[in-house]
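A look at the structure
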Amino acid sequence: MTSRAGHDRSISLDAVAKSFDVGGESLPALAATTLDIAPGEFVTLAGPSGCGKTTLLRILAGFTEPSSGSVTVSGEAVQGPGHERGVVFQQPTLFPWLSVRRNVEVGPRFQRVPAAERRARTDHYLEMVGLADFADHRPYELSGGMQQRCQIARVLAGDPDIVLMDEPFGALDALTRERLQGELLQIWRETGKTVLFITHSVDEAVYLGSRVLVMSPRPGRIVFDAPARFGRDGQSVPVEEIRSLPEYADLTADVRRAIYADVA
Ligand SMILES: Nc1ncnc2c1ncn2[C@@H]1O[C@H](COP(=O)(O)OP(=O)(O)OP(=O)(O)O)[C@@H](O)[C@H]1O
């Protein structure tokens, strides 16, 4: 499946800062942050709890307005949410009155994708997340992990140019998580989507990202930014051997140091 051709998939933050008013006090959640993400990058973002990762993602998604600075996505200033940006939240967000299939079909229906293609696309993603047998169930009949997989299928079926994912695999069992990591990487390779992926797992950040960012708290800021291109760029490293590469271990150690520097 290909993403809509000709769309600019870049993300640009220029001195973007965010403070929240809490009890009459202005608390800085995100310090002035400047960041450029090129079209087709798979950026993973790690950092301790409360360092501002979700705030950054919500600003890009158009759900939170920055206190200052400017945000450009797909070449346009962000004014609010947009269909070219698909957002996977930490908690599953599904329409409770729709079946699993109808939930996944929401994007293609909105885009007026012809029925046959819509069905094929929906079947593909239901299969991918292991919910083909639950297509006619309602969300309340699913476990939390299954609801999360349904949310992931729904966002990917909308074929957004930019995918913003907030700890999407955090609630999944290890096997499902590994399988979906592989599927996501494959979709990314095939479509050239731009991905921003928040995770608490250092291994997941290094394994998935073509670029790894680490944030530190009080106030939230990016303290580490490095490329991670194992088995990519024409290197013929089998997937199962990527984690054994010395460079993989080195980057993992660097990311861990960046995260724990502040905690220590
Ligand atoms: N709506 C809000 N009102 C007040 N404070 C907020 C709000 N949203 C976030 N914050 C504060 O901003 C800071 C950053 O929160 P954020 O959710 O972005 O962190 P995070 O890195 O995503 O954390 P986690 O990994 O636990 O999800 C925290 O101190 C949080 O309490």
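Above this text you will find the structure in question.
Counting from 1, residues in each chain are numbered in the order their sequence is written. Two thresholds apply to this predicted model, a pLDDT of at least 70 for residue-level local features and 80 or more for giving and counting side-chain atom pairs, whereas whole-chain, interface and lining totals are computed over all residues.

What to know about the site of the ligand
Defining nearness, a residue is near a molecule or strand when the C-beta atom obtained from its backbone falls within 6 Å of it. The ligand sits among Phe20, Val22, Ala29, Gly47, Ser49, Gly50, Cys51, Gly52, Lys53, Thr54, Thr55 and Gly220. Helix and strand definitions here come from DSSP, where helices need a minimum of 4 consecutive H or I residues and strands a minimum of 2 consecutive E residues; each element is numbered from the N-terminal end. Elements with a contribution of two residues or more to the shell around the ligand: β1 (11-22) and α1 (53-61). Broken down by element, the residue count for the shell around the ligand peaks at three residues, all from α1. Of the residues belonging to the shell around the ligand, the class tally is four nonpolar, seven polar and one charged. For this scheme, ten residues count as nonpolar: Ala, Val, Leu, Ile, Met, Phe, Trp, Tyr, Cys and Pro. Four count as charged, namely Asp, Glu, Lys and Arg, and the remainder, Gly too, count as polar.

Things to note about the nonpolar core
Side chains that are nonpolar tend, in soluble globular proteins, to be buried together. Each nonpolar core consists of buried Ala, Val, Leu, Ile, Met, Phe, Trp, Tyr and Cys residues. Their C-beta atoms, within 7 Å, join them into a set. Exposure in this text rests on C-beta crowding, where 20 or more other C-beta atoms within 10 Å of a residue's own make it buried, 12 or fewer make it exposed, and counts in between make it partly exposed. The C-beta atoms are placed from the backbone. Residues Leu60, Ala153, Leu164, Leu196, Phe197 and Val255 are the most contacted members of the largest nonpolar core, which totals 60 residues. Here this core gathers at least three residues from each of two domains, domain 1 (11-84 + 161-263) and domain 2 (94-159). Contact between two residues is assigned when their C-beta atoms, built from the backbone, lie within 7 Å. Contacts of Ala153, omitting those with residues within four sequence positions, involve Val104, Tyr125, Leu126, Met128, Val129 and Leu131. Segmentation of the chain into domains, including their bounds, is taken from an automatic or database domain assignment.

Describing the sheet that holds strand β9 (residues 211-216)
Strand pairing follows a simple DSSP-based rule, namely that at least 2 bridges must link the two strands. Ordered by their spatial adjacency, six strands build an open sheet running β6-β7-β8-β3-β9-β10, and the pairing between neighbours is mixed. Each having just a single partner strand, β6 (85-88) and β10 (221-227) make up the two edges of the open sheet. Across the sheet, the mean angle from the axis of one strand to that of its neighbour is 15°, orientation sign disregarded. Where β9 lies against β10, six bridges are found, and the strand directions are antiparallel. Paired with Val212 across the strands is Ala226, a residue of β10. Each of β6 and β7 (162-166) touches helix α4 (residues 144-157); the most contacted strand, β6, lies at about 175° to it. Only the contacting stretch of a helix is used when fitting its axis, a line to C-alpha atoms as for every element, and angles between N-to-C directions run 0 to 180 degrees.

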